[in-house]
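An overview of the molecular structure
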Amino acid sequence: MQARRDQDFFWEGIDRGELLVQTCDACDTIRHPPQPRCAACGSDAWRAEPLSGEGTILAFLESVHPSRRDEEPRCVCLVELPEGIRMVSSLLDPENAANGAAVRFEITEYDGQKLPLVRTAGGGQ
Ligand SMILES: [Zn+2]
């Protein structure tokens with residue numbers, strides 16, 4: 001049996017269509033990235049809580065592979081969530097990339113893997 005890794009619950013949630021975050025059972029502190037113990041109180045007890053799925057772009061860049069370029073521009077962005085944590089994601093509508101833009105997470109299949117990608121509020125579907 002393979003040992004469970006701290007982040008397994010996150011990817012199992014993504015597979016079910018849920019964006020989850022590790023939350024301390026003892027003091028309710030959010031832990032992201034996932035960790036075996038709470039940095040605030042030292043407890044190893046935790047639960048998975050759903051995130052709102054909303055966020056704001058703090059920074060972004062166009063990622064270009066030096067030899068195997070994507071057909072479409074790939075915009076990597078740092079997203080600040082209202083829960084007080086930050087996640088790195090890719091923007092589904094890179095033409096709308098802007099610092100401070102409101103985004104929403106969409107669990108999207110990419111190359112056979114479900115990923116939490118983001119789209120701006122004005123980006124349509
Ligand atoms: Zn704690």
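Every chain is numbered independently, its residues counted from 1 as its sequence is written. Since the coordinates come from a predicted model, pLDDT governs what is reported: local features require at least 70, and pairs of side-chain atoms require 80 or more to be given and counted, while whole-chain, interface and lining totals use all residues. Only heavy atoms go into the side-chain values, all of them from the structure, while hydrogens and water stay out.

**As for the packing of aromatic side chains**
Here is the rule: rings of Phe, Tyr and Trp (six-membered ring for Trp) pair when centre to centre is within 6.5 Å. Planes less than 30 degrees apart are stacked, more than 60 are edge-to-face, and the remainder are tilted. This model, assessed by the stated rule, comprises two aromatic pairs. Note on phenylalanine 9 and tryptophan 46: the rings are 4.8 Å apart at their centroids and 55° apart in plane angle, and the pair reads as tilted. A residue pair is termed long-range when its members are at least 10 positions apart, and phenylalanine 9 in helix H1 (residues 8-16) and tryptophan 46 in strand E3 (residues 46-50) qualify at 37 residues. Exposure remark for phenylalanine 9: the relative accessible area of 7% places this residue in the buried category. Ring centres of phenylalanine 10 and tryptophan 11 lie 5.1 Å apart, and the angle between their planes is 85°; on these two criteria the pair is classed as edge-to-face. Between buried and exposed lies partly exposed: a residue is buried under 20% and exposed over 50% of the maximum accessible area for its type, with that area taken using a 1.4 Å probe on protein chains only. The class for tryptophan 11 is partly exposed, based on a relative accessible area of 35%. To qualify as a helix, a DSSP run of H or I must reach at least 4 residues; to qualify as a strand, a run of E must reach at least 2; elements of each kind are numbered from the N terminus.

**Let's talk about the coordination of the zinc ion**
Note: metal donors comprise N, O and S atoms at 2.8 Å or less from the metal (3.2 Å for Na, K and Ca); water molecules are not included, so apparent gaps in a site are possible. Those protein atoms acting as donors to the zinc ion are Cys24 (SG), Cys27 (SG), Cys38 (SG) and Cys41 (SG), and they sit at 2.3 to 2.4 Å. Site shape is set this way: if four donors have all angles between 85 and 135 degrees, tetrahedral; if opposite donors are over 155 degrees apart and all others between 65 and 115, square planar for four donors and octahedral for six; otherwise irregular. Relative to the metal, the four donor atoms surrounding the zinc ion lie at angles of 105 to 114°, and the coordination shape comes out tetrahedral. Each donor residue of the zinc ion lies on one chain, and together they are spaced C-x2-C-x10-C-x2-C. Of the residues examined, cysteine 41 reaches a relative accessible area of 41% and is grouped as partly exposed.

**Structural notes on the domain arrangement of the protein chain**
Under the domain assignment used here, the protein chain contains domain 1 (8-50) and domain 2 (54-120). In this entry, domain limits derive from an automatic or database-based domain assignment. Inter-centroid distance (C-alpha atoms) of domain 1 to domain 2 is 22 Å. What makes two residues a contact is simply this: any of their non-hydrogen atoms within 4.5 Å. Each partner contributes to the interface: domain 1 provides 10 residues, whereas domain 2 provides 10 residues. Buried area, as used here, totals the accessible surface that two parts lose on assembly, with accessibility defined by a 1.4 Å probe and the loss added over both. When the area that domain 1 buries against domain 2 is broken down by residue, the three leading residues are Ile14, Leu19 and His32, summing to 49%. Put simply, a salt bridge is a Lys or Arg side-chain nitrogen that is within 4 Å of an Asp or Glu carboxyl oxygen. At the junction of domain 1 and domain 2, the tally comes to zero salt bridges. Pairs of N or O atoms are called polar contacts if they sit within 3.5 Å, as long as, within protein, a hydrogen donor faces a hydrogen acceptor (for residues adjacent in sequence, only side-chain-to-side-chain pairs). Connecting domain 1 to domain 2 are one residue pair in polar contact (both at pLDDT 80 or more). When residues in the side of domain 1 that touches domain 2 are grouped by element, the largest group, four residues, is from H1. Its residues assigned to classes, the side of domain 1 that touches domain 2 shows six nonpolar, two polar and two charged. Classification convention: Asp, Glu, Lys, Arg as charged; Ala, Val, Leu, Ile, Met, Phe, Trp, Tyr, Cys, Pro as nonpolar; all other residues, Gly among them, as polar.

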